[in-house]
Amino acid sequence: MTTDPNPDPGWYYCTKHNRVEHGQQCRAVDLLGPYPDKATAERALQLAAERTKSEDEADRRWNDN
């Protein structure tokens with residue numbers, strides 16, 4: 001089996017420019033991703049908020065025990 005010499009660079013959301021990018025065009029510190037497709041990268045901020053809320057709830061449950 002051979003590996004793809006040119007794998008897809010993935011999709012990213014740049015928090016500095018508030019835009020979706022194909023591949024890492026901006027500094028890594030400003031990027032969320034990689035995401036498998038453009039549509040998912042467009043939802044990056046929503047996904048991050050949902051994950052943060054979920055982890056905050058898990059922390060509260062942990063600390064209550």
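Residues numbered from 1 in each chain as written. Predicted model: local features only at pLDDT ≥ 70, side-chain atom pairs only at ≥ 80, totals over all residues. Heavy atoms only, no water.

Undergrad: Where do I start with the sheet that holds strand 1 (residues 11-14) in this structure?
TA: Strand pairing within a sheet occurs via backbone hydrogen bonds; the two strands may be parallel or antiparallel. Overall, antiparallel pairing links the 3 strands, which are arranged 2-1-3 in an open sheet. Each edge of the open sheet carries a strand with a single partner, namely strand 2 (19-22) and strand 3 (31-35). On average, adjacent strands in this sheet sit at an angle of 25° to one another, irrespective of strand direction. As defined by bridge partners, strand 1 adjoins strand 3 across 3 bridges and the pair is classed as antiparallel. Bridge pairing in strand 3 links Y13 to L32. Of the strands in this sheet, strand 1 and strand 3 are in contact with helix 2 (residues 44-64), which crosses strand 3 at around 95°. (Pairing = 2+ DSSP bridges. Helix = DSSP H or I, 4+ residues; strand = E, 2+ residues; numbered from the N terminus. Axes fitted to C-alpha atoms, helices over the stretch in contact; angles between N-to-C directions. Contact = heavy atoms within 4.5 Å.)

Undergrad: Looking at this model, I keep getting lost on a negative patch on the surface. Mind explaining?
TA: A surface patch of negative charge is lined by E55, D56, E57 and D59. One can find D59 in helix 2. (Patch = residues over 30% accessible without salt bridge, like charges linked within 9 Å, V, L, I, M, F, W, Y side chains within 5 Å. Areas by Shrake-Rupley, 256 points an atom, 1.4 Å probe, with all protein chains shown as cover. Salt bridge = Lys/Arg side-chain N within 4 Å of Asp/Glu carboxyl O. Lys, Arg positive; Asp, Glu negative; His and termini not counted. Charge placed at Lys NZ, Arg CZ, Asp CG, Glu CD.)

Undergrad: Mind showing me how you'd approach the side chain of E21 here?
TA: Positionally, E21 belongs in strand 2. The exposure class assigned to E21 is buried, which follows from its relative accessible area of 1%. Within polar-contact distance, the side chain of E21 engages the backbone nitrogen of Q25 at 3.4 Å. Beyond its immediate stretch of four places on either side in the chain, E21 contacts G10, W11, Y12, C14, C26 and L31. (Buried < 20%, exposed > 50% of the residue type's maximum accessible area, 1.4 Å probe, protein only. Polar contact = N/O pair within 3.5 Å; in protein donor to acceptor, adjacent residues only side chain to side chain.)

Undergrad: Help me understand the nonpolar core in this model?
TA: Looking at soluble globular proteins, one finds that nonpolar side chains tend to be buried together. Counting 5 residues, the largest nonpolar core is built from Y13, Y35, A41, A44 and L47. Those residues in contact with L47 that sit more than four places away from it in its chain are Y35 and T40. (Core = buried A, V, L, I, M, F, W, Y, C linked by side-chain atoms within 4.5 Å.)

Undergrad: Where do I start with the pattern of salt bridges in this structure?
TA: If charged atoms from side chains of opposite charge come close, those side chains can pair. Using the criterion set out here, one finds 2 salt bridges in the structure. With a closest N to O distance of 3.3 Å, D30 and R27 form a salt bridge. The buried category is assigned to D30, whose relative accessible area is 13%. Among the residues examined, R27 registers a relative accessible area of 56% and is labelled exposed.

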